[in-house]
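Chain by chain, the residues run as shown.
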Amino acid sequence: MKKTNLLLNNIANNINQIAKHFNTGGLRSQAVTAELEKALDAVLQIHFDVAKNGG
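In short, a report on the structure.

About the criteria used
- Residues numbered from 1 in each chain as written.
- Predicted model: local features only at pLDDT ≥ 70, side-chain atom pairs only at ≥ 80, totals over all residues.
- Heavy atoms only, no water.
- Helix = DSSP H or I, 4+ residues; strand = E, 2+ residues; numbered from the N terminus.
- Buried < 20%, exposed > 50% of the residue type's maximum accessible area, 1.4 Å probe, protein only.
- Areas by Shrake-Rupley, 256 points an atom, 1.4 Å probe, with all protein chains shown as cover.
- Lys, Arg positive; Asp, Glu negative; His and termini not counted.
- Charge placed at Lys NZ, Arg CZ, Asp CG, Glu CD.
- Salt bridge = Lys/Arg side-chain N within 4 Å of Asp/Glu carboxyl O.
- Contact = heavy atoms within 4.5 Å.
- Expected span 1.5 Å × (residues − 1).

## Description of the overall build of the protein chain
Working step 1: In terms of helices and strands, the protein chain carries two helices and zero strands.
Working step 2: Principal axes of the C-alpha set define a box for the protein chain whose edges measure 40 × 15 × 10 Å.
Working step 3: By the burial criterion, 9% of the 55 residues in the protein chain qualify as buried.
Working step 4: For the protein chain, the exposed area adds up to about 4,600 Å²; of that, 58% sits on carbon and sulfur atoms.
Working step 5: For the protein chain, the separation between the mean place of its 6 positive charges and that of its 4 negative charges on side chains is 8 Å.

## Topic: the pattern of salt bridges
Working step 1: Counting across every chain of the model gives one salt bridge.
Working step 2: Ionic pairing is found between E35 and K38, a salt bridge with its closest N-O pair at 3.1 Å. Placement of the pair is E35 and K38 together in helix α2 (residues 30-52), with a separation of three residues, close to one helical turn.
Working step 3: A relative accessible area of 28% means that E35 is categorised as partly exposed.

## So, the environment of I18
Working step 1: As for its position among the elements, I18 is in helix α1 (residues 2-23).
Working step 2: Residues I18 and V32 lie 14 residues apart in sequence; the distance between their C-alpha atoms is 7.2 Å.
Working step 3: The residues touching I18, leaving out its near neighbours within four places in the chain, are V32, E35 and L36.

## Some details on α1
Working step 1: End to end, α1 covers 31 Å across 22 residues, agreeing with the expected 32 Å (1.5 Å per residue, within 8%).
Working step 2: G25 sits one or two positions beyond α1 and adopts a positive phi of about 90°.

Next up, the structure:
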């Protein structure tokens, strides 16, 4: 559960950084798109792990 919480905190931080980027007029780039894809992959993996463990 600690690992899951750590991953969720990291994802939340990434999402906040991405939101700040766009809210301050930042343009979408390959780097930003890659970060979004990584965050989505992490969320999906956590969802899979929780479901696998009966959550």
